[in-house]
Amino acid sequence: MEHEAAGVAENVVELRGAHAETTARQVAPHDWRRFETYVDEIFTAFGMDVDTAGTHDTPERFLRALFDATSGYDGDPKLLTSFPAEGRGGADSLRSQIIEGPIAFYALCEHHALPFHGVAHVAYVADEEIIGISKLTRLVRLFARRFTVQERLGEQIADTLVGLISPRGVAVRLEASHLCTQMRGVEEHSRTATTFWRGTYADAELRLEFLHEVRSRNSRS
């Protein structure tokens, strides 16, 4: 067992100093109570009767749900490990993509604090290290569970993956529906797509291969 554990340890790289914050937020109990009072006043002013059996605890539930929906600010220490790449140095490895998706995500628009939601596809061409497939989902949700905008979300996913494992290239595609435009304003029901490229994805053929795979997966889902 000791030999097996040692072998596993040798195959894991701890990413010290990586760009995945791990400081948990702290809200004191008296602050929670104060915030609930504010929400109670706002909901009452907007027309909600907060004295019914169904709504008496709504201000507290709203705050707890909002705190949970922004848990990305707490970081994710499980992102801080990687593994040595299996194929290194060969010509084929320069174009070999690791693609994950669709990854469902939910975020809060920082302009109106209303949700936008959709799917992400993340790909990279490895260099010396790879990251566990589940970590790509964690990476997307680390930054999605915040107050943000779609453009920044994609940039953060791409740049953090570069910072974590220094791959040869990174590609990110996000497609989302925004409730801030569906529930108010122009009330349009389109979806917004954004793409982000790093490193070897300057190669047009590599981009097309990634986008073709994304379209193929979307048609099956």
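Note that the structure is a prediction, hence the values are computed from the model and not measured. (Residues numbered from 1 in each chain as written. Predicted model: local features only at pLDDT ≥ 70, side-chain atom pairs only at ≥ 80, totals over all residues. Heavy atoms only, no water.)

**Q** What's the story with the overall build of the protein chain in this structure? I'm lost.
**A** Broken down by element type, the protein chain carries seven helices and eight strands. Of all 221 residues assigned to the protein chain, the portion counted as buried reaches 38%. Sequence-distant contacts, at least 24 apart, represent 73% of the contacts inside the protein chain between residues at least 6 apart. Surface exposure of the protein chain reaches about 12,500 Å², of which carbon and sulfur atoms provide 54%. (Helix = DSSP H or I, 4+ residues; strand = E, 2+ residues; numbered from the N terminus. Buried < 20%, exposed > 50% of the residue type's maximum accessible area, 1.4 Å probe, protein only. Contact = heavy atoms within 4.5 Å. Areas by Shrake-Rupley, 256 points an atom, 1.4 Å probe, with all protein chains shown as cover.)

**Q** Help me out: how do you make sense of the packing of helix α4 (residues 133-144) against helix α5 (residues 150-165) in this one?
**A** Between two packed helices, what matters for the description is the angle formed by their axes and the separation of those axes. Put simply, α4 and α5 touch, their axes get as near as 9 Å, and they point 135° apart. Regarding the angle of α4 to α5, the classification is oblique. Here α4 runs over α5; the crossing is right-handed. Packed against α4, whose contacting residues are Leu136, Leu139, Val140, Phe143 and Ala144, the element α5 presents Leu153, Gln156, Ile157, Thr160 and Leu161 at the interface. (Axes fitted to C-alpha atoms, helices over the stretch in contact; angles between N-to-C directions. Parallel < 35°, antiparallel > 145°, perpendicular 65-115°, else oblique. Left-handed = near helix turned anticlockwise from the far one by under 90°.)

**Q** Looking at this structure, I do not really get the packing of helix α2 (residues 29-45) against helix α3 (residues 58-69). What am I missing?
**A** Across the interface, α2 lies against α3 with an axial gap of 8 Å and an inter-helix angle of 115°. As judged from the angle between their axes, α2 and α3 are roughly perpendicular. The chirality of how α2 crosses α3 is right-handed. Residues Trp32, Phe35, Glu36, Val39, Asp40 and Phe43 of α2 form the contact with α3, whose own contacting residues are Thr58, Pro59, Glu60, Phe62, Leu63, Arg64 and Phe67. A class-by-class count of the residues in the contact of α2 with α3 yields eight nonpolar, one polar and four charged. (Nonpolar A, V, L, I, M, F, W, Y, C, P; charged D, E, K, R; others polar.)

**Q** Before we go on, may I ask you to explain the side chain of His178 in this structure?
**A** Tracing the backbone shows His178 in strand β7 (residues 169-178). Beyond its immediate stretch of four places on either side in the chain, His178 contacts Pro115, Phe116, Gln150 and Thr192.

**Q** Hey, could you run me through α5 in this one?
**A** Residue pairs spaced three or four apart in an α-helix point in one direction, given the helix's 3.6 residues per turn. Here α5 spans 23 Å end to end across 16 residues, near enough to the 22 Å set by a 1.5 Å rise per residue. Turning to α5, its buried residues number three or more, namely Gln150, Leu153, Gly154, Ile157, Ala158, Thr160, Leu161, Leu164 and Ile165. Taken end-on, α5 shows its buried residues confined to a sector of 165°, consistent with a single buried face. Just past α5, the residue Ser166 takes up positive phi, approximately 45°. (Expected span 1.5 Å × (residues − 1). Arc of directions from axis to C-beta.)

**Q** I'm lost on the packing of aromatic side chains in this one. Help?
**A** To describe a pair of aromatic rings, you give the distance between the ring centres and the angle between the ring planes. One pass over the structure, following the stated rule, counts six aromatic pairs. Ring centres 5.4 Å apart and planes at 75° place the aromatic pair Trp32 and Phe67 in the edge-to-face group. Here Trp32, found in helix α2, pairs with Phe67, found in helix α3; they are 35 residues apart in sequence, far enough to count as distant. Classification of Phe67 by relative accessible area gives partly exposed; the value is 23%. Aromatic side chains Trp197 and Phe210 sit 5.8 Å apart centroid to centroid with 85° between the ring planes, which places their arrangement in the edge-to-face category. Here Trp197 is found in strand β8 (residues 192-199), whereas its partner Phe210 is found in helix α7 (residues 204-220), with 13 residues between them in sequence. (Phe/Tyr/Trp six-rings, centres within 6.5 Å; stacked < 30°, edge-to-face > 60°.)

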